[in-house]
Amino acid sequence: MASKPAGERTVVVRGGTVIDGTGADPRPDQVVVLRDGRIDWTGPAAHAPHVSGPHEEVDASGATVLPGFVDAHVHLSMAGMNPADLLDRPPHFGYYAAIPLLRDTLDAGVTSVRDLAGLDMAVQKAVDDGIVAGPRTTIAYRALGPTGGHGDFRTCCGFDSGTALGPGGAISMITDGVDEALRNTREAMRQGAGVIKVMASGGVWSPRDTPWHDGLNVEEMTAVVREAASHGVPVAAHAQSARSIRNALTAGVTSVEHGYEIDAEGIELMLDRGAFLVPTLSTATTPPDPATSADYAVAKKLRLQEHLSENISAAIAAGVRVALGTDSGICPHGRNLRELALLVEHGMTPMGAIVAGTRDAAALLGVAEDLGTLEPGKRADLVVCEGDPLADIGLPGDPANIRTVIKDGRTYKGAVLPRSGRSA
């Protein structure tokens, strides 16, 4: 997940109200000084240090300065799930298709993502080396799921649409039994996975199962969790049904992805184990489109949507740890921060939603020492949003309101003014 340092570069962000991602009250008329890819100083304009020598300035007047956001659940190799569109994809086309999606995500204010099956080390390195503009990326490489389960995209006629979804030819590894669970966990880590994704339940888009089917069993997932933990790698579980959520938590996963049918027992398990919920409401609340979706997918999603809002709201009300994630790729890319308003609709405060997309999402990714808050010493990831998102949490959801995006001290979106040296 490491990016190359920005080099000798100083940027001064001046005049905005800072929401630092810690949950602290907003601070008006602030200055943030970024040096060589790190946050050097932040505080009131009246006490700002002198900045000598050439530097760049960003005018944040009338706007809010926030940490770069983290989307903990994306699929940047995907742009919709219409099987007909996949038939004409040549091998490795996904590498090129990902380039504009990476840029759209960055321009939306998201400077870090966790790609939960699809991208590989080639894309990750291209971003880290500055060849392609995009958020820094933690990859799962491929998800682990059982024969006939979620991640097995083979249709009755034998067409495997999964081979066209990942740049390298697949987004999953069929995993049956403890031995394969162990082997595939090691293979994913060999391929650079900074998180292992397991399919604890079936899903909407896979043709041969449903969200109410179990995926990997507790023994298989426990083997994954133990092996991944021995390398310091967390495990994320795609889990939609109440039973699959309980199974995944019993196995010891770090996060539950989706969690649409979480029940009281599942909530208690999450609280007891300190696991994260990544509810992906951007995808969950979007009605299925019969014109572009298979009939089986439409029926499954409509059934899931019957109670998911009340279930997620109950988990939030109970104090379950939440990290922002969208499932972009199933829903459109580049609108990631719409998730903030959806979290508020389901019971979070605007500040709580911002923290879920900054500090807490960084904690889930295991990078909170470097990212997620605007504090000296941390990486210089920063966004400037028009207006006050605490008064209108919908503002960041429109990329047009994201005035400036800085990652590792480099400005990727927005105007900068060169300065030869002056008091900051």
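Residues numbered from 1 in each chain as written. Predicted model: local features only at pLDDT ≥ 70, side-chain atom pairs only at ≥ 80, totals over all residues. Heavy atoms only, no water.

(A) Structural view of the pattern of salt bridges. Applying the stated rule across the entire model yields 19 salt bridges. For the salt bridge of E187 with R190, the shortest nitrogen-to-oxygen distance reads 3.0 Å. Taken together, the residues E187 and R190, both in helix α4 (residues 178-190) and 3 residues apart, mark about one turn of the helix. Assessed through its relative accessible area of 26%, E187 is described here as partly exposed. Owing to a relative accessible area of 56%, R190 belongs among the exposed residues under this scheme. R379 is the salt-bridge partner of D408, the closest N and O atoms lying 3.7 Å from each other. Taken together, the residues D408 in the loop between β18 (402-407) and β19 (410-413) and R379 in the loop between α13 (359-365) and β17 (382-386) connect sequence positions 29 residues apart. Just as D408 is buried, R379 falls in that class too. Connected via shared salt-bridge partners are R38, R136, D370, R379, D381 and D408. (Salt bridge = Lys/Arg side-chain N within 4 Å of Asp/Glu carboxyl O. Helix = DSSP H or I, 4+ residues; strand = E, 2+ residues; numbered from the N terminus. Buried < 20%, exposed > 50% of the residue type's maximum accessible area, 1.4 Å probe, protein only.)

(B) Representation of the sheet that holds strand β8 (residues 110-115). Overall, parallel pairing links the 3 strands, which are arranged β7-β8-β9 in an open sheet. The open sheet has two edge strands with one neighbour each: β7 (69-74) and β9 (136-139). Adjacent strand axes in the sheet meet at a mean angle of 20 degrees, parallel and antiparallel pairs treated alike. One ladder, built from 4 bridges, connects β8 with β9; its direction is parallel. Residue pairing across strands places D115 opposite I139, the latter belonging to β9. (Pairing = 2+ DSSP bridges. Axes fitted to C-alpha atoms, helices over the stretch in contact; angles between N-to-C directions.)

(C) Seen up close, the packing of helix α5 (residues 218-229) against helix α6 (residues 242-251). One way to put it is that α5 packs onto α6 with a least axis distance of 8 Å and a crossing angle of 40 degrees. When the axes of α5 and α6 are compared, the pair comes out oblique. Regarding α5 and α6, the two cross each other, and that crossing is right-handed. On α6, the residues that touch V218, M221, T222 and V225 of α5 are N247, A248, T250 and A251. The residue makeup of the contact of α5 with α6, split by class, is 5 nonpolar, 3 polar and no charged. (Parallel < 35°, antiparallel > 145°, perpendicular 65-115°, else oblique. Left-handed = near helix turned anticlockwise from the far one by under 90°. Contact = heavy atoms within 4.5 Å. Nonpolar A, V, L, I, M, F, W, Y, C, P; charged D, E, K, R; others polar.)

(D) Quick look at the environment of D29. Residue placement: D29 occurs in strand β2 (residues 27-35). A sequence separation of 12 residues divides D29 from W41, and the C-alpha atoms of the two residues are 14 Å apart.

(E) Local environment of helix α7 (residues 264-273). All of the buried residues along α7 are G266, I267, L269 and M270. Seen along its axis, α7 keeps its buried residues to an arc of 160 degrees; they face one direction. In α7, the exposed positions angled more than 90 degrees off the buried face are occupied by A264, E268 and D272. In this fold, the buried residues of α7 make contact with α6, β14 (255-258), β15 (276-278) and α10 (308-318). Looking one or two residues beyond α7, the residue adopting positive phi is G274, at roughly 70 degrees. (Arc of directions from axis to C-beta.)

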